[in-house]
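# An overview of the molecular structure
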Amino acid sequence: MALVTAEPSWPVHFLHLYATDTERLSTSSAWLRRGLQLGERVVWSEPSDLPGGRSVASVLEEGGVDVVAARAAGRLVQLPPAEFYPPGSQVTIVDQALADGFPAVRIAADGDTASRTLSPAAFVESERMVEVLCRTRPMSYMCQYERSLTVGSRLDQISEIHPQGLRERRGQVYASGDVVELAGEFDMSNEDVLGAALRAASGAASGASGNRSVALEIGLSRVTFLSRGACRVLVLATEPLRMAGGVVRLAGPQPHVEAALRVLELGNVPHMQLVVKEP
Amino acid sequence: MNGPSAREFRHDGLFYRSDDELVAAAAPFLRDGLAASETVVVVCAEPRASALVDALPGDGGDLLVLRPTELYRRTATTIAALQKLAERELANGRPGVRVMGEIDFGDDPEGKAEWSAYEAVINAAFAHVPMLWTVCAFNTRDLPEEVISAATQTHPHLLTATTRTPNPSYLEPAQFLRRSAAGGPGWLPPTPPDIDIPSLADVGQLRGGILGALEHTGLDIETRHHLVFAANEVATNAFDHGRPPVRVRLWCTPSRVICTVTDSGDGFDDRLAGYTRIGEARATAAAGLWTARQLVDHLDAARTGQGFTVRMILRSSGST
């Protein structure tokens, strides 16, 4: 099978939707371990009453990280939620790390705890502050939310405050300006996630464009499966942008994904183009 | 064009015993279409295609001639192609579309039944496609009795060199399909399946299982992905509209791959479901079924003892 799957670069502020606690831990630990390898200060917060007693620290330890030594050297910092989430604390955490001589800071946060700890307005403000920090400081930030709790309007709201994208069990959507890169599989299990992320990305691209018509490129080269429902989402989620005169280019699908797009005639949708690589 | 004066879909049977008889009946139909600036298509093998062209004024003008294999590859894709052709030509300002076609029914009983069912289905699938007029030609000397018999029941009108008359033997599509449907024992292979997932956890599990099982078949990669896509749509329908558990089975035989998706719900009894082309923005079970039909050689469904089963068949290349 010619299924590509080189990992796209992770954005600096992104949403991770996890289905199980094991998935939460393995994804955050892998991402944080990468930060340790790069010499960054790695910071995270998680509740103390974790099911099964497993924690990020224990998974890092299992992965070969000397947690005690890393903590002693200030490379690894775990904070209790009460210190981690209040508005303004993120700025302090980042600036302190930079003042301590670290080249960058990598932070993993539990978004569900943040939304429970803070008022709705403070929660949104805190996420927006993180977005600004990520654009102005050498830092990256992963917000983890439980997938089963992140649906409907909550999914839309959370996606909107993470316009750089998200990853979940099967699929990833990363956005930067007028380009959205999709990777993995999209089917009935994550069509809603795809829709929310695309609406956020196309909304952000339209918002940044002023009155200019947007040409949004949706990169499909790393997509290994796209269901009919997911194809439908590509159409519906970009409708406001296209109706406003923008154009959506579906770029570089693998041959079997291209076949699905052709059967469903997505290239004939108004203001939508299928851009296929030359063989 | 779509106003009260629009011609409704017409579907005529033309039964002939000699090439001269075919030309005598078909040429006026084609000639009138060309004279009215309609889009006129002939889908016919040689030497009959040339005989028809020779019978038309000039060199046949705007007549489009296709080989049967160019249009009649798979029933569901033929329906989609004709619907698209009609919509496109009318949108481009043509007053109508006429197609004279001669299907190659082949030697395989399943293929004959499939194309006979197609003749019934298009009466419903094109009911809302105005200004499309198809004439299907049948050589009564060479075609087997079951094909001729089915054809006499699936064409609302009969066309000859001198008359166009209502067909007294015509059956409504659903009625024809119910009478001719295969089913019961033998519907599935008697051997144990190559894959049997009694309770599908999610559609991702199905895709991985099918791709793995198809790796050792002679099917090319594109065809394997077609089955994966089709099965994914049918299983999505089972989760969305049926009742769990959803069971998936797959048989790989030398001549074909058969995949079934069974849920515990009542399913549907609409034998015409999923034949009409649906816009990409519609989220219905029929839309999923339409997509699946485009990608496999055969798709049918039945209520079985275990629930509601949709069966998809891909024929290995070389088998008919």
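Residues numbered from 1 in each chain as written. Chains lettered and ligands numbered in written order. Predicted model: local features only at pLDDT ≥ 70, side-chain atom pairs only at ≥ 80, totals over all residues. Heavy atoms only, no water.

## Considerations on the overall build of chain A
Quick note on the threshold: Numbering of helices and strands starts at the N terminus; helices are DSSP runs of H or I of at least 4 residues and strands are runs of E of at least 2. C-alpha atoms define the radius of gyration in this analysis, and the globule rule sets the expected value at 2.2 Å times the number of residues to the power 0.38. Note on exposure labels: buried denotes an accessible area under 20% of the residue type's maximum, exposed denotes more than 50%, and partly exposed covers the range between, all computed with a 1.4 Å probe on protein chains only. The contact criterion used is simple: two residues touch if any of their non-hydrogen atoms lie within 4.5 Å. We get accessible surface area from the Shrake-Rupley algorithm with a probe of 1.4 Å; when it comes to residues, only the shown protein chains can shield them. Only four residue types enter the charge count, namely Lys and Arg as positive and Asp and Glu as negative; His and the chain termini do not. Positions of charges follow a simple convention, taking NZ of Lys, CZ of Arg, CG of Asp or CD of Glu.
Across its full length, chain A holds twelve helices and eleven strands. Relative to its length of 279 residues, chain A is compact, with a C-alpha radius of gyration of 20 Å against a globular reference of 19 Å. With respect to the principal axes defined by its C-alpha atoms, chain A has extents near 60 × 45 × 35 Å. Out of the 279 residues belonging to chain A, those deemed buried represent 54%. In chain A, 74% of the contacts between residues at least 6 apart in sequence involve partners at least 24 apart. Summing over all exposed atoms, chain A offers an accessible surface of approximately 11,600 Å²; the carbon and sulfur share of this is 54%. Computing the positive centroid from 26 side-chain charges and the negative centroid from 32, chain A places the two 3 Å apart.

## Let's talk about helix H9 (residues 191-209) of chain A
Rule in force here: To estimate the expected span of a helix, subtract one from its residue number and multiply by 1.5 Å.
With 19 residues, H9(A) ought to run about 27 Å at 1.5 Å a step, and its terminal C-alpha atoms sit 27 Å apart, in line with that. Residues of H9(A) that are buried: Glu191(A), Val193(A), Leu194(A), Gly195(A), Ala196(A), Ala197(A), Leu198(A), Ala200(A), Ala201(A), Ser202(A), Ala205(A) and Ser209(A).

## Digging into the packing of helix H8 (residues 203-214) of chain B against helix H9 (residues 221-241) of chain B
Residues and elements named next belong to chain B. Basically, it comes down to this: Fitting a line to C-alpha atoms yields each axis, with helices limited to the stretch in contact; the angle taken between N-to-C directions then spans 0 to 180 degrees. These descriptions rest on fixed angle ranges, namely under 35 degrees for roughly parallel, over 145 for roughly antiparallel, 65 to 115 for roughly perpendicular, and the rest for oblique. By convention the crossing between two helices is left-handed if the near helix lies anticlockwise of the far one by an angle smaller than a right angle, and right-handed if it lies clockwise. Residues are sorted three ways: Asp, Glu, Lys and Arg are charged, Ala, Val, Leu, Ile, Met, Phe, Trp, Tyr, Cys and Pro are nonpolar, and all the rest, Gly among them, are polar.
Closest axis-to-axis distance for the H8/H9 pair is 9 Å, and the angle between their directions is 150 degrees. Accordingly, the angle class assigned to the pair H8 and H9 is roughly antiparallel. The chirality of how H8 crosses H9 is right-handed. In contact with Val203, Leu206, Arg207, Ile210, Leu211 and Leu214 of H8, H9 contributes Arg224, His225, Leu227, Val228, Ala231, Asn232, Ala235, Thr236 and Phe239. In terms of residue class, the contact of H8 with H9 is built from ten nonpolar, three polar and two charged.

## Quick notes on the sheet that holds strand S7 (residues 164-166) of chain B
All names here are of chain B. Put simply, the rule reads: At least two DSSP bridges between two strands are needed for those strands to be called paired.
One open sheet accounts for seven strands, arranged S3-S2-S4-S5-S1-S6-S7; its pairing is mixed. The sheet terminates laterally at strand S3 (64-66) and S7, the two strands that pair on one side only. Each strand of the sheet is rotated relative to its neighbour by a mean of 20 degrees, with strand direction disregarded. For strand S6 (residues 157-159) and S7, the ladder comprises three bridges, and the chain directions are antiparallel. Bridge pairing in S7 links Leu159 to Arg164.

## Let's talk about the interface of chain A and chain B
The condition is simple: Defined here as a combined quantity, buried area equals the accessible surface (1.4 Å probe) lost by two parts on assembly, summed across both. Criterion for a salt bridge: a side-chain nitrogen of Lys or Arg within 4 Å of a carboxyl oxygen of Asp or Glu. Here a polar contact is recorded for every N or O atom pair within 3.5 Å, except that within protein the pair must consist of a potential hydrogen donor and a potential acceptor, and residues adjacent in sequence are included only if both atoms are side-chain atoms.
Counting from both sides, the interface comprises 23 residues of chain A and, opposite them, 29 residues of chain B. Buried surface at the junction of chain A and chain B, summed over both partners, amounts to about 2,000 Å²; 63% is from carbon and sulfur atoms. The interface formed by chain A and chain B holds five salt bridges in total. The interface formed by chain A and chain B contains four residue pairs in polar contact (both at pLDDT 80 or more). Of all the secondary structure elements, the ones that give two or more residues to the side of chain A that touches chain B are strand S9 (215-226), helix H10 (228-237) and helix H12 (255-263) of chain A.

## Notes on the pairing of strand S8 (residues 179-186) of chain A
Looking along a regular strand, one sees side chains alternate from face to face of the sheet. Residue and element names in this part refer to chain A. Pairing of strand S7 (residues 171-176) with S8, which is carried by six bridges, proceeds in the antiparallel orientation. Among the inter-strand pairings, Gly171 is bridged to a residue of S8, identified as Gly184. Joining the antiparallel neighbours S7 and S8 is a turn of two residues, in which Gly177 adopts a positive phi near 60 degrees. With seven bridges joining them, S8 and S9 adopt parallel strand pairing. When the sheet's bridge partners are listed, Phe186 is paired in S9 with Leu226.

## A word on the sheet that holds strand S11 (residues 298-304) of chain B
Residues and elements named next belong to chain B. Ordered in space as S8-S9-S10-S12-S11, the five strands form an open sheet in which the pairing is antiparallel. The sheet terminates laterally at strand S8 (195-197) and S11, the two strands that pair on one side only. The average undirected angle you get between the axes of adjacent strands in this sheet is 15 degrees. Relative to strand S9 (residues 247-252), S8 runs antiparallel, the two being bridged by three bridges.

## Some points on the nonpolar core
Applied cut-off: We call a set of buried residues a nonpolar core when its members are Ala, Val, Leu, Ile, Met, Phe, Trp, Tyr or Cys and they connect through side-chain atoms within 4.5 Å of each other.
Among the nonpolar cores identified, the biggest contains 99 residues, and Leu182(A), Leu234(A), Leu227(B) and Met312(B) are the most heavily contacted of them. For Leu182(A), the residues in contact, after removing those within four places along its chain, are Gln172(A), Val173(A), Leu194(A), Ile218(A), Gly219(A), Leu220(A), Arg222(A), Val223(A) and Leu234(A). Ranked by size, the runner-up nonpolar core spans 33 residues in total, among them Leu71(B), Ile79(B), Leu85(B) and Trp115(B).

## Here we look at the domain arrangement of chain B
Residue and element names in this part refer to chain B. The line we're drawing: Where each domain begins and ends is defined by an automated method or by a domain database.
According to the domain assignment, chain B contains domain 1 (10-180) and domain 2 (195-315). With centres defined by C-alpha atoms, the gap from domain 1 to domain 2 works out at 30 Å. Each partner contributes to the interface: domain 1 provides 18 residues, whereas domain 2 provides 17 residues. Taking both partners together, domain 1 and domain 2 bury about 1,600 Å²; carbon and sulfur atoms supply 47% of that area. If you sort the residues of domain 1 by the area they bury against domain 2, Arg74, Glu110 and Glu114 come out on top, with a joint share of 34%. Joining domain 1 to domain 2, the criterion identifies three salt bridges.

## Quick look at the domain arrangement of chain A
Accessible area lost during the coming together of the parts is what is often quoted as the interface size. Residues and elements named next belong to chain A. Each domain of chain A was delimited in the assignment, giving domain 1 (10-168) and domain 2 (170-279). The C-alpha centroid of domain 2 is placed 28 Å from the C-alpha centroid of domain 1. At the junction of the two partners, domain 1 supplies 15 residues and domain 2 supplies 15 residues. By the criterion of area lost to domain 2, the three top residues of domain 1 are Pro163, Leu166 and Glu168, representing 41% of everything that side buries.

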